[in-house]
Amino acid sequence: MPKDAAVEEFAGLVRELKARDGRSYEALGRRLSVSASTLHRYCSGATVPEEFAVVDRLALLCGADEEERRAMEAAWTEADRARRRAASPAPTPVPAVSAAPESNPDPSAPEPGPGPAPDPTAPDPSAADLSATEAPRTRPRRDAPAPLLLAVAVALVVLALAAVLLGDPTRTASAPAPASTAPGRTAAPLPFTWSIGSQLWEGGCGHTYLVDRAPRAVAPPPVAADSVAWAGTHGAVHGGEALVRITIQGRSPSDAVVLHALHVRVVDRAAPLLWNAYRMDNGCGGAVTPRHFAVDLDRPRPLARPVDGLDASGAEVRKIPAVSFPYKVTSSDPEELLVSARAGGCDCRWYLELEWSAGGRTGTVRITDGGKPFRTSGTRGRPAYVHGSAEGRWITDSDSGRTG
C-alpha cells in the first residue's frame with residue numbers, strides 16, 4: 001500500500017535533518033532516547049511519532065531554525081492525522097434493504113404447523129392454488145416496518161458524521177495548508193540584517209582543530225582566509241575554543257534596532273573527542289585583542305559575559321572597555337559582536353539567540369553555523385601536532401621546541 005502523501009512529506013523532512021547532522025541512527029537515537037530502528041522508521045515513513053516533542057528535539061539537535069521547526073510541526077500534524085485515519089477501524093457496512101427478499105418469510109404470517117397428512121387420492125394442486133399458497137413468500141416488501149427504516153436512517157447519519165470527523169482521504173482540496181505556507185502567515189522581514197564568521201583564528205593565526213586523521217593524511221595548515229575550505233575537507237572541529245563574529249546592521253538610517261541580550265543554548269553535550277589536535281601556528285600573537293563575549297561551555301548554563309579588549313600597538317597597553325547590552329544599530333551604524341566559546345571537558349554543540357526590538361516589534365533570532373549548531377570540543381590529553389616548516393610535515397608539539 002503506498003504511503004500517505006503527508007507521511008512521506010514528513011519523513012522527507014526528518015531525513016533532511018538526519019543528513020544535515022551527519023551522525024548515525026544509533027548516535028542520534030541515543031540523544032533522542034529512541035532506538036536506532038525507531039529513528040529509521042521515522043525517516044522511512046514506516047511510522048510517525050505519537051508526540052511532536054521527539055521531532056522538536058531532533059530539530060534542535062540538528063540546528064533547525066524557528067521557521068524550520070514550525071514547518072516540521074505542521075508536517076507532523078498532517079502526518080499524525082493520516083496515521084490516525086489509517087489506524088481507525090473501518091465502519092461496519094449496513095446491509096441494503098431488498099425490495100423482494102425471496103428467502104425471508106413475512107413476519108406477520110403465522111408459523112406453519114405440521115398439518116394433516118396428504119391424501120394420496122387427491123389431485124395435484126393447480127397453478128392458481130400454488131400461487132395462492134406461496135403468496136406470503138413472494139409479495140413485494142413495500143411496507144417495511146417503521147423501526148427498520150429508522151435504524152437505516154440513523155446508520156446513514158452516523159456514517160456521514162464519521163466521514164466529516166475522520167476526514168475523507170480522497171478529498172485533498174479542502175485540507176488545511178501547513179502553518180508555514182498558509183495565507184496570511186508570512187512573517188514580516190527583520191528590521192536588520194546579520195551575518196557571521198565562524199572559522200576565525202585568534203590574531204589571524206592562532207587556532208586549534210581536532211581532526212580524526214593521522215598526521216600523514218592531514219594537509220598543511222592553510223592561511224586564515226582559506227580556513228573554511230580546509231576545515232570542511234578534513235571534517236575538523238574547533239579544539240578548545242571557537243570564535244564567532246556576528247555583524248548586525250539596521251535597514252534604516254534613522255529607525256534604530258535595539259539589541260537586548262545574547263543567550264547561549266547548548267543542545268548536546270558529550271565527552272571530548274578522542275581525535276588528534278592540529279595547531280595552525282607555532283607561536284602567534286597580535287597587537288590588538290578585541291573586546292568580546294566569553295562563553296564557558298563547561299558550565300551547566302553558559303552565559304555570554306562581556307570582556308575587555310587590549311590594544312598593545314602603541315607605547316602603552318590600552319584597555320578597550322567591554323560594552324554590555326543593550327546595543328543600538330542602524331544602517332549607518334552597524335555593530336560587531338565577537339563571541340569566544342571555550343570548552344575543556346565536553347564536546348558541545350551550541351547556538352546563540354539574539355533578542356531585539358524595533359518599532360513596537362520584538363523578536364529573537366537564532367544564530368547558527370549555516371543552519372547547524374556550532375561545535376567546540378576540549379583537547380586536554382590529545383596528541384598535539386604543529387606543522388614543521390623545516391620538516392615539511394606535521395610533527396608532535398613537543399618536538400617543535402614550543403614552550404608555554
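Residue numbers run consecutively from 1 along every chain, following the written order of its sequence. Whole-chain, interface and lining totals are the exception, using all residues; otherwise, since this is a predicted model, local features are given only for residues with pLDDT of at least 70 and side-chain atom pairs are given and counted only at 80 or more. Excluded from the side-chain calculation are hydrogens and water; included are all heavy atoms of the structure.

Asks: How would you explain empty space enclosed by the protein if you had to name every residue and give the values?
Replies: Cavity and pocket criteria rest on a 1 Å grid covering protein atoms alone: a 1.4 Å probe that fits but cannot get out defines a cavity, protein on both sides within 12 Å along at least 5 of 7 lines defines an open pocket, and an atom within 4 Å of a point defines a lining residue. Grid points are joined across faces, edges and corners, and a volume is the space filled by probe spheres set on the points. For the coordinates displayed, the defined rule picks out 1 cavity of 30 Å³ or more. Reported here for the largest cavity is a volume of approximately 40 Å³. Forming the walls of the largest cavity are Phe 10, Val 14, Leu 32, Leu 39, Tyr 42, Pro 49, Val 54, Val 55 and Leu 58. In this description a helix means any DSSP run of H or I spanning at least four residues, a strand means any run of E spanning at least two, and both kinds are numbered starting from the N terminus. When contributions to the lining of the largest cavity are tallied by element, the ones reaching two or more residues are α1 (5-21), α3 (36-44) and α4 (53-61). Per-element tally for the lining of the largest cavity: the top contributor is α4, with 3 residues. Under the scheme applied, nonpolar residues are Ala, Val, Leu, Ile, Met, Phe, Trp, Tyr, Cys and Pro; charged residues are Asp, Glu, Lys and Arg; polar residues are all the others, including Gly. A per-class count over the lining of the largest cavity returns 9 nonpolar, no polar and no charged.

Asks: An account of α3 is requested, with residue identities and associated values reported.
Replies: What sets the pattern is the α-helix's 3.6 residues per turn: residues three or four places apart point alike. Here α3 has its buried residues at Thr 38, Leu 39, Tyr 42 and Cys 43. Looking straight down α3, one finds its buried side chains confined to an arc of 140 degrees; they lie on one side. Residue contacts are counted whenever heavy atoms from the two residues lie within 4.5 Å of one another. Check the buried side of α3 and you find it contacts α1 and α2 (25-32). Of the residues one or two after α3, Gly 45 is the one with positive phi, at around 85 degrees. Only protein chains enter the accessibility calculation, which uses a 1.4 Å probe; a residue whose area is less than 20% of its type maximum is buried, one above 50% is exposed, and one in between is partly exposed. The arc in question is the one traced by the directions running from the helix axis out to the C-beta atoms.

Asks: Could you give an account of the environment of His 292, with specific residues and numbers?
Replies: Within the fold, His 292 resides in strand β8 (residues 292-296). In sequence terms His 292 and Asp 308 are 16 residues apart; their C-alpha atoms lie 6.9 Å from each other. In contact with His 292, not counting residues within four places along its chain, are Arg 305, Pro 306, Val 307, Leu 338 and Ser 340. A polar contact is formed between the side chain of His 292 and the backbone oxygen of Pro 290, at a distance of 3.3 Å. Polar contact is defined as a pair of N or O atoms within 3.5 Å, subject to the rule that within protein one atom must be able to donate a hydrogen and the other to accept it, and that residues adjacent in sequence are counted only when both atoms are side-chain atoms.

Asks: Talk me through the state of the cysteines; I want residue IDs and the actual numbers.
Replies: Throughout this description, disulfide means a covalent bond between two cysteine sulfur atoms. Criterion for a disulfide: a pair of cysteine sulfur atoms at a distance within 2.5 Å. What the rule picks out here adds up to 1 disulfide. Put simply, Cys 346 and Cys 348 are joined by a disulfide, and their sulfur atoms are 2.1 Å apart. Measuring the twist about the S-S bond at about -120 degrees, one finds the Cys 346-Cys 348 disulfide to be left-handed. A relative accessible area of 2% means that Cys 346 is categorised as buried. By relative accessible area, which is 0% here, Cys 348 ends up buried. Left unpaired, Cys 62 is separated from the closest cysteine sulfur, that of Cys 43, by 9.2 Å.

Asks: Please provide a residue-by-residue account of the side chain of Arg 349, values included.
Replies: Tracing the backbone through its elements, the reader meets Arg 349 in strand β14 (residues 347-358). Assessed through its relative accessible area of 8%, Arg 349 is described here as buried. Look past the residues within four positions of Arg 349 in its chain and what remains in contact with it is Asp 21, Arg 23, Arg 265, Val 266, Val 267, Asp 268, Pro 373, Phe 374 and Arg 375.

Asks: Talk me through the sheet that holds strand β10 (residues 309-311); I want residue IDs and the actual numbers.
Replies: Strand order across the open sheet formed by 3 strands is β7-β10-β11, with antiparallel pairing between neighbours. Because the sheet does not close on itself, it has two edges, and the strands there are β7 (288-289) and β11 (318-320). A pair of strands is treated as paired once DSSP finds two or more bridges between them. Sheet analysis places β7 next to β10, joined by 2 bridges and oriented antiparallel. Across the sheet, residue Val 288 finds its bridge partner in β10, namely Asp 311.

Asks: Residues and numbers for the environment of Trp 350, please.
Replies: One can find Trp 350 in strand β14. For Trp 350, a relative accessible area of 0% gives the class buried. With 25 residues separating them along the chain, Trp 350 and Arg 375 place their C-alpha atoms 6.4 Å apart. Ignoring any residue separated from it by four or fewer positions in sequence, one finds Trp 350 in contact with Ala 242, Val 244, Arg 265, Val 266, Val 267, Leu 297, Ala 341, Pro 373, Phe 374, Arg 375 and Thr 376. For Trp 350, the side chain forms a polar contact with the side chain of Thr 376, separated by 3.1 Å.

Asks: Give me the lowdown on the pairing of strand β5 (residues 257-270), citing residues and values where you can.
Replies: Note that β5 and strand β12 (residues 327-329) share 3 bridges and pair antiparallel. The partner of Val 257 across the bridge, within β12, is Val 329. Looking at chain direction, β5 and β14 are connected through 11 bridges and run antiparallel. Counted as the bridge partner of Ala 261 is Glu 355 from β14.

Asks: Provide a residue-level description of the sheet that holds strand β9 (residues 305-307), including the pertinent values.
Replies: The sheet built from 5 strands is open, its strands ordered β1-β4-β13-β8-β9 with mixed pairing. Looking at strand neighbours, the two that pair on one side only are β1 (192-197) and β9, the edges of this open sheet. Going across the sheet, the axis of each strand differs from the next one's by a mean of 30 degrees, ignoring polarity. Alignment of β8 against β9, held across 3 bridges, turns out to be antiparallel. From the neighbouring strand, Ala 294 faces β9, where its bridge partner is Arg 305. A fitted line through C-alpha atoms serves as each axis, taken over the contacting stretch for helices, and the angle formed by two N-to-C directions is quoted from 0 to 180°.

Structural measurements only, silent on function.
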